[in-house]
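Close look at the chain arrangement
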Amino acid sequence: MRFLLDAEQTEFGRTLDRLLTAAGTPGVVRAWSSGDHAPGRALWTRLGETGVFALAVPEQYDGAGLLPVELAVAYTELGRHGVPGPVVETAAVARLLTGLPDAAKEWLPQIAAGDAVVSLGVDGSYVLDADAADAVFVVTGDELRLASGHGPLVPSADPARRLHSPAEGGTLIARGPEVREAAARAADLATFLTAAQSLGVGLALLHRTVEYAKQRAQFGTVIGSFQAVKHRLADALVGLEFARPLLFGAALSLAPEDIAAAKVTAGEAAYAAARAALQLHGAIGYTEELDLSLWLRKARPLRDAWGTPAACRAKVLDA
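Owing to the predicted nature of the structure, the values given are computational and were not obtained by experimental measurement. (Residues numbered from 1 in each chain as written. Predicted model: local features only at pLDDT ≥ 70, side-chain atom pairs only at ≥ 80, totals over all residues. Heavy atoms only, no water.)

Examining the overall build of the protein chain
We apply this condition: The numbering of helices and of strands both runs from the N terminus, where a helix is a DSSP run of H or I of at least 4 residues and a strand a run of E of at least 2. Only C-alpha atoms enter the radius of gyration; for comparison, a globular chain is expected to reach 2.2 Å times N to the power 0.38, where N is the number of residues. Pairs of residues are marked as contacts when any of their non-hydrogen atoms sit within 4.5 Å. Surface accessibility in these figures is a Shrake-Rupley result with a 1.4 Å probe; residues are shielded only by whichever protein chains are displayed. By the counting rule applied here, Lys and Arg register as positive and Asp and Glu as negative, while His and the ends of each chain are not counted. Think of each charge as sitting on NZ of Lys, CZ of Arg, CG of Asp or CD of Glu.
Along the protein chain, the regular secondary structure elements total 11 helices and 8 strands. Whereas a compact globule of 319 residues would reach a radius of gyration of roughly 20 Å, the protein chain reaches 19 Å, a difference of no more than 12%. C-alpha extents for the protein chain along the principal axes are approximately 65 × 45 × 35 Å. Counted over contacts in the protein chain with a minimum sequence separation of 6, partners at least 24 positions apart contribute 70%. By element, 55% of the accessible surface of the protein chain is carried by carbon and sulfur atoms, the whole surface being about 14,100 Å². In the protein chain, 29 side chains carry a positive charge and 36 a negative one; their mean positions are 8 Å apart.

Here we look at the packing of helix α2 (residues 25-33) against helix α10 (residues 292-304)
Our working definition: To obtain an axis, a line is fitted to C-alpha atoms, over the contacting stretch when the element is a helix, and the angle between two such axes runs from 0 to 180 degrees between their N-to-C directions. By definition, any crossing whose near helix is turned counterclockwise from its far helix by less than a right angle is left-handed, and any crossing with a clockwise turn is right-handed. All amino acids are sorted into three groups, where Ala, Val, Leu, Ile, Met, Phe, Trp, Tyr, Cys and Pro are nonpolar, Asp, Glu, Lys and Arg are charged, and the leftover types, Gly among them, are polar.
Where α2 contacts α10, the axes come no closer than 10 Å and their chain directions differ by 60°. α10 is crossed by α2, and the crossing has left-handed handedness. Only Leu294, Trp295 and Lys298 of α10 make contact with α2, whose side of the interface consists of Pro26, Val29 and Arg30. Tallied by class, residues from the contact of α2 with α10 come to 4 nonpolar, no polar and 2 charged.

A closer look at the packing of aromatic side chains
So the rule is basically this: Each pair of aromatic rings taken from Phe, Tyr and Trp, with Trp reduced to its six-membered ring, is defined by centres within 6.5 Å and is described as stacked if the planes are under 30 degrees apart, edge-to-face if over 60, and tilted in the remaining cases. Exposure is judged per residue with a 1.4 Å probe applied to protein chains only, and the accessible area is read against the type maximum: over 50% gives exposed, under 20% gives buried, and values in between give partly exposed. Lysine and arginine charges are scored as sitting over a ring when NZ or CZ, respectively, is within 6 Å of the ring centre and within 35 degrees of the ring normal.
Summed over all chains, the structure comprises 2 aromatic pairs. Centroid distance Trp44 to Phe53: 4.6 Å. Interplanar angle 20°. Geometry classified as stacked. Look at Phe53 and you get buried, because its relative accessible area is 2%. The interplanar angle of 85° and the centroid separation of 5.7 Å between the aromatic rings of Trp107 and Phe137 together place this pair among those described as edge-to-face. Here Trp107, found in helix α6 (residues 101-113), pairs with Phe137, found in strand β3 (residues 135-140); they are 30 residues apart in sequence, far enough to count as distant. Given a relative accessible area of 9%, Trp107 falls into the buried group. A relative accessible area of 0% means that Phe137 is categorised as buried. The positively charged end of Arg208 is found above the aromatic ring belonging to Trp295, 4.1 Å away from the centroid. The ring of Tyr271 has Arg303 lying over it, and the distance from NZ or CZ to the ring centre is 4.5 Å.

Some thoughts on the side chain of Lys298
Mapped onto the fold, Lys298 is located in helix α10. Excluding its chain neighbours within four sequence positions, the residues that come into contact with Lys298 are Val29, Gly82, Asp158, Ala160 and Val201.

Overview of α10
Of all 13 residues in α10, 10 are buried; the element is thus mostly enclosed. Within the sequence span of α10, burial applies to Leu292, Ser293, Leu294, Trp295, Leu296, Lys298, Ala299, Pro301, Leu302 and Arg303. In this structure, the buried residues of α10 make contact with α2, α4 (68-80), α7 (177-213), α9 (256-281) and α11 (309-318).

Here we look at the nonpolar core
Side chains of nonpolar character tend, in soluble globular proteins, to be buried together. Filter applied, for reference: Buried Ala, Val, Leu, Ile, Met, Phe, Trp, Tyr and Cys residues form a nonpolar core when they are joined through side-chain atoms within 4.5 Å.
Within the largest apolar cluster, 91 residues are counted, with the highest numbers of intra-cluster contacts made by Leu47, Tyr75, Leu97 and Leu205. It is α7 that provides the largest number of residues to this core, a total of 17 residues. When sequence neighbours within four positions are dropped, the list of residues in contact with Leu47 reads Leu16, Leu19, Leu20, Val52, Phe53, Leu78 and Val83.

Concerning unusual backbone geometry
Not every positive phi belongs to a glycine, and Asp62 is a case in point at roughly 70°. Note on placement: Asp62 falls in the loop between α3 (38-50) and α4. On the basis of relative accessible area, Asp62 is assigned to the exposed category, the value being 59%. Residues other than glycine seldom take positive phi values, yet Leu254 does so here, at roughly 55°. Following the sequence through the fold, Leu254 ends up in the loop between α8 (227-253) and α9. Leu254 gets classed as partly exposed once you look at its relative accessible area, which sits at 28%.

Section: the sheet that holds strand β4 (residues 143-146)
Convention followed: One requirement defines pairing of two strands: DSSP has to find at least two bridges between them.
Taken in spatial order, the 4 strands line up as β1-β3-β4-β6 in an open sheet, and their pairing is mixed. Each having just a single partner strand, β1 (118-122) and β6 (171-175) make up the two edges of the open sheet. Going from strand to strand, the sheet's axes swing by 20° on average, the running direction of each strand aside. Of the pairings in the sheet, the one linking β4 to β6 comprises 4 bridges and is antiparallel in character. Pairing of Glu143 across the sheet is with Arg175, part of β6. Lying over the sheet, α7 contacts β3, β4 and β6, oriented at roughly 115° with respect to β3.

Some words on the environment of Ala116
As for its position among the elements, Ala116 is in the loop between α6 and β1. With a relative accessible area of 1%, Ala116 lands in the buried category.

On their own, these measurements won't tell you what the molecule is for.
If you want it as structure tokens, here you go:
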């Protein structure tokens, strides 16, 4: 059987690609990394208008319903363009609050419209971009709270991933086993969307490296003609293309073990693409001025976010 995106899903991906290309995301990423959130918030609004966040919100709260395939398409593009901000965490919060009617009525319409930037921490984890979020939701055991603040910025390999510890206490939203169950579903969705982001990052790195290999010359010959370079790029491509069907397979099932398989495969493939990109660009790959560095720094943090390779492999084996 052939599982292909339909015409509407394909056009949705192309629309996002055009939007993000026109938005100049490298400049947005650099501003976000420095703590200037204005360009990122403007882009967030445009993504909301396009319906990206509505894909994780039920129709009764002004969303499009949970549409995993479309989410995979969207978040692959977000990764490919390096969009900063808690995009994964916002969708995960939408999934978390879906089963909690009181909080859902307040927050889900805002999330669907792109009017609210929210983030999520689970059981002591750091919270992404708490300084830019309108709300930070924290799950501890069977309690869900709205954090009252956050701690200082924690260094990250990717400056655009601004990590903070949530402040203790805060407003209690819900308590009970339903919170733990909802948090598990939210974490699975966050893992799935991070896999899609990783795939997009890997595809961006590979594309930029192929283009560079066509231009850079050594000994009077472009390096893209060297067999060793071709093999390295081919290996990166095979890894990414192997991850793609696992991602969309997980979109169809949303089974935790399928999501874990997609996450570890996409994360490792993106990291391999980053290593190949750095090696083939040489010293220029280290420079801050080169846009490539924005994607190089994302590959490893995304590989480990919302499920390390070891944790994902263990989940697959347990299943």
